[in-house]
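# Structural overview
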Amino acid sequence: MNLSNPSSGVFTHLDSFEILELKTLLTLLNSAVGTSLLYGGPSSAFTSLDFASRSQVLASLSRSPIGLRRKAFNGLKRLLMGTALSYNAKGESEAPHNPVWSSLKYPGPPVEASNVTAGFDFIGKSYVNVSSDDEFDYIIIGSGCGGSVVARQLCKVGKCLIIEKGTPLPSDLKDVSQCESEGMSKFYEKGSLLTTSDGSLMILAGSALGGGSTVNWGCCLDTPKYVREEWNDMGLSQFHPDDEEFNSAMAQVKTYMGVTDKGIVHNGMNKKLIEGCDKNKFEWRVAPQNIKDTSLKSAGWTCFGPRQGNKQGGGVTWLREYSDNGGKFFEGLAVKVVTKSGKATGVVVCANSDRDSPSKWKTLNVRCKVICSAGSLHTPLFLQRSGFRNKNIGSNLRLHPVSAVMATCKEDIFGYEGAPMTTVCTEFQNGVDGDGYGPKLECPSVHTGVMAAALPWKNGPQFKEALESSSKMVAVIVLQRDIGGGTVTGKNHGFDPVVDYVPDARDEKNIKEGLKRAFDILRVCDTIDKIWTCHVDQPCYDAPSSADAEESAANLANVEAFRQAIDENGVGVNSLGLFCAHQMGSCRMGQNPNAGAVDEDGELWECDNLYVIDASVFPTASGANPMITTMSIAQMLGSRLVEMHKATDRGAILLDKRRIRRGELTGKKNGVFSSLWIGAFVMGVMGAMSAHWVKKLGV
């Protein structure tokens, strides 16, 4: 890594303060005084220490009671190890290669015959430059799971522009290398380096054309019934399990995306999850997929770009039809919304490189509506930059925090090959308190860079041994439906997300239970050798050598000790490896401005004609991989916008409901109090006074 040139490589994703922090840490390690301060005791400069002493210093940092030291260690470990093991030593024009991969039996991206029937050849004709005062009927900010779906509907009734800050995909999918380092750098938020502010949780979020649907693992789960019941109980009746509108929207989405649970081929890792669940009699089911051929090895590399066209993400479905109907894209940023008399009338935009140069910003005019679908990290920032202050903007952020239990087998598993998440264990989703806030257990896609970033480090030999066994590794993740929430705010003039999030005590309890249950699943599988967690103080279980030994007192004591270690280690900040790939709820939907940032149509309570349609409107965590829920909400709300645009009978009914809802609940519209609000207020006061005098007079 060349710190003298922070504009190259991984450093392009770090801001100036983060680069300064890294330089400071490395400078401290290069001096005796600095190393002593970090180590907490006398020491020579880290660079002059022998191997054993350096290991001791690093171990001390990783286990320090001081959170800042643990954060420094984890940040450095993730950056160095994640980069070292995913780095492509060849140029982009050559087959990806890393000198470490052969010793790990990692082949790099497979080269398989493409079965592409429709790729991204529409990109060349669909991206445009824009000028100030250009006018559109609809501007959609973001092309992810929400934006792509609603754009496909609106482009049929009006002139549309999608503003997308993420990387455009190449017109020829063969130009997608699927090398881990390049995929993470190009297609993920902050090049996959984003974490919570305390550094304890890695955040993976798609940042490319198609958003998360371009890089996710193809797992297509419905919104759980118990979650829909909860949302209905919050006053949002459109989510009732029997609501035909939402049910129809979800069915349309799954049909359009080619979602199926038939003919699924499970890879080695998912087969272990199934085996362990069956032996424990835990409930599991096939996870429906939008991957056409789950048997292909290359299906495990879809998270680094859609080279084979095997996954039916938003780019090859919704966005292709959007383009075919005349929809256009602009590569850049939506700075803020323009309003007049409480209505959205335009959007200020700029090129990605011009965000700090207001003189280069341009104002686009909107005849109908602005749709913000920038995702749960960036939608709040756009609204905050635009001056909106509803307390639900940037609050209530849910992340589905994830940790894992890992095992090595006696045989190669090659867990990175094939569709990664084809099964889901639902046995514990109701939670230890029976409130529906428990974990699902699933299998991830485990490639070398992410694995190295997530694996706990005790010392060099331990870490090397874990890496060398990666081809034999099985991971079961614990995906917690979090009841506690976090916040997202902006830095660097409000353009970059800062996520503050600490798991709630109730979530910690369920995560620990989920880890113990994942251990129960793995330890009964045949050919398991060792099992461990992602704790810094890592408990390790050695599987018994025979069936008889499984029932021995020694093994039962080891099982209990492993479970106790999970409870004792807990979910402390930077003491357990955590990551998330789902972000939800940061502009939640609510039946009034106190309960949510947007109404049941997705329209911002503070501004007319400004809508939010993405996962940020979730009232609470979805408790399932959120793609289908996000797209179903977008399909439902987008169809309403079309009906209102076309002024159909249903559109007229929707408009009347909207006027009543917003007139009664905002209290003030364009400077004039609603007569309905005044009437309700007067009647309430009169009722209270009457009750008072009835009680006082004893009538």
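Not measured: the values here are computed from a predicted model.

### Examining the overall build of the chain
In terms of helices and strands, the chain carries 22 helices and 20 strands. Expressed along its principal axes, the backbone C-alpha trace of the chain runs to roughly 75 × 70 × 60 Å. Within the span of the chain, comprising 699 residues, buried residues form 57% of the whole. Taking the intrachain contacts of the chain between residues at least 6 apart in sequence as the baseline, contacts between residues at least 24 apart amount to 74%. As displayed, the chain has an accessible area near 27500 Å², and 54% of this comes from carbon and sulfur atoms. The chain carries 73 positive and 75 negative side-chain charges, and their two centres are separated by 4 Å.

### Some details on the nonpolar core
Counting residues in each nonpolar core, the largest one holds 183 residues, and the members touching the most others are Ile163, Phe382, Leu383, Ile531 and Leu610. Ranked by residue count, the leading element in this core is helix α20 (residues 627-646), at ten residues. Excluding residues that lie within four positions of it along the chain, Phe382 makes contacts with Ile141, Ala334, Val335, Lys336, Val337, Val347, Cys372 and Leu610. Within the second largest apolar cluster, five residues are counted, among which are Val335, Val348, Cys350 and Phe495.

### Observations regarding the environment of Gly315
Among the secondary structure elements, Gly315 is positioned in the loop between β4 (284-286) and α13 (318-324). Among the residues examined, Gly315 registers a relative accessible area of 2% and is labelled buried. Gly315 sits 192 residues away from Ile123 along the chain, and the two C-alpha atoms are 9.9 Å apart. Non-local contacts of Gly315, meaning those with residues more than four positions away in its chain, are made with Phe120, Phe122 and Arg320.

### Regarding helix α14 (residues 375-385)
Most of α14 is tucked away: eight of the eleven residues are buried. Among all positions in α14, only Ser376, Leu377, His378, Thr379, Pro380, Leu381, Phe382 and Leu383 are buried. Where α14 ends, the next residue or the one after it, Gly387, has phi of about 95 degrees, a positive value.

### Structural notes on the state of the cysteines
Applying the stated criterion across every chain, the model contains zero disulfides. Here Cys155 stays free of any disulfide, with the sulfur of Cys160 as its closest cysteine sulfur at 5.9 Å. Among the residues examined, Cys155 registers a relative accessible area of 8% and is labelled buried. Among the cysteines around Cys179, which has no disulfide bond, Cys303 carries the closest sulfur, lying 12 Å off.

### Some thoughts on the confidence of the model for the chain
Taken as a whole, the chain shows an average pLDDT of 90; of its residues, 92% reach a score of 70 or greater. For residues 665-699, every residue scores under 50 in pLDDT, and the model assigns this stretch 17 contacts once sequence neighbours within four places are set aside.

### Some remarks on the side chain of Ser181
Relative to the elements of secondary structure, Ser181 occurs in helix α8 (residues 180-187). Reaching out from Ser181, the side chain makes a polar contact with the backbone oxygen of Ser86 at a distance of 3.2 Å. If we skip the residues at most four places from it in the chain, Ser181 touches Ser86, Tyr87 and Asn88.

### Here we look at the pattern of salt bridges
A full pass over the atoms with the stated rule returns 43 salt bridges. Among the ionic pairs, Glu135 bridges to Arg367, the shortest N-O distance being 2.5 Å. One end of the pair, Glu135, is in strand β1 (residues 135-141); the other, Arg367, is in strand β8 (residues 362-372), and 232 residues separate them in sequence. Taking the relative accessible area as the measure of exposure, Glu135 reaches 35% and is therefore partly exposed. In this structure Arg367 comes out as partly exposed when scored by relative accessible area, which is 43%.

### Observations regarding the packing of helix α1 (residues 16-29) against helix α2 (residues 32-39)
Between α1 and α2, the least distance of the axes is 6 Å, while the angle of their chain directions is 105 degrees. Judged on the interaxial angle alone, α2 and α1 are roughly perpendicular. Counted together, Leu25, Leu28 and Leu29 of α1 and Gly34, Thr35 and Leu38 of α2 form the full contact between these two elements. When its residues are assigned to classes, the contact of α1 with α2 shows four nonpolar, two polar and no charged.

### Examining helix α10 (residues 225-233)
Three or more residues of α10 are buried, namely Val227, Arg228 and Trp231. Buried residues of α10, seen end-on, are gathered within an arc of 100 degrees and therefore sit on one face of the element. Residues of α10 that are exposed and angled more than 90 degrees away from the buried face: Lys225 and Asp233. Residues of α10 that are buried sit in contact with α11 (244-256) and α20.

### Describing the environment of Cys534
Here Cys534 is to be found in the loop between β15 (528-533) and β16 (540-542). When sequence neighbours within four positions are dropped, the list of residues in contact with Cys534 reads Ser403, Ala404, Met406, Ala454, Pro456, Ser575, Leu576 and Gly577.

Analysis parameters
- Residues numbered from 1 in each chain as written.
- Predicted model: local features only at pLDDT ≥ 70, side-chain atom pairs only at ≥ 80, totals over all residues.
- Heavy atoms only, no water.
- Helix = DSSP H or I, 4+ residues; strand = E, 2+ residues; numbered from the N terminus.
- Buried < 20%, exposed > 50% of the residue type's maximum accessible area, 1.4 Å probe, protein only.
- Contact = heavy atoms within 4.5 Å.
- Areas by Shrake-Rupley, 256 points an atom, 1.4 Å probe, with all protein chains shown as cover.
- Lys, Arg positive; Asp, Glu negative; His and termini not counted.
- Charge placed at Lys NZ, Arg CZ, Asp CG, Glu CD.
- Core = buried A, V, L, I, M, F, W, Y, C linked by side-chain atoms within 4.5 Å.
- Disulfide = S-S within 2.5 Å.
- pLDDT = per-residue confidence, 0-100.
- Polar contact = N/O pair within 3.5 Å; in protein donor to acceptor, adjacent residues only side chain to side chain.
- Salt bridge = Lys/Arg side-chain N within 4 Å of Asp/Glu carboxyl O.
- Axes fitted to C-alpha atoms, helices over the stretch in contact; angles between N-to-C directions.
- Parallel < 35°, antiparallel > 145°, perpendicular 65-115°, else oblique.
- Nonpolar A, V, L, I, M, F, W, Y, C, P; charged D, E, K, R; others polar.
- Arc of directions from axis to C-beta.

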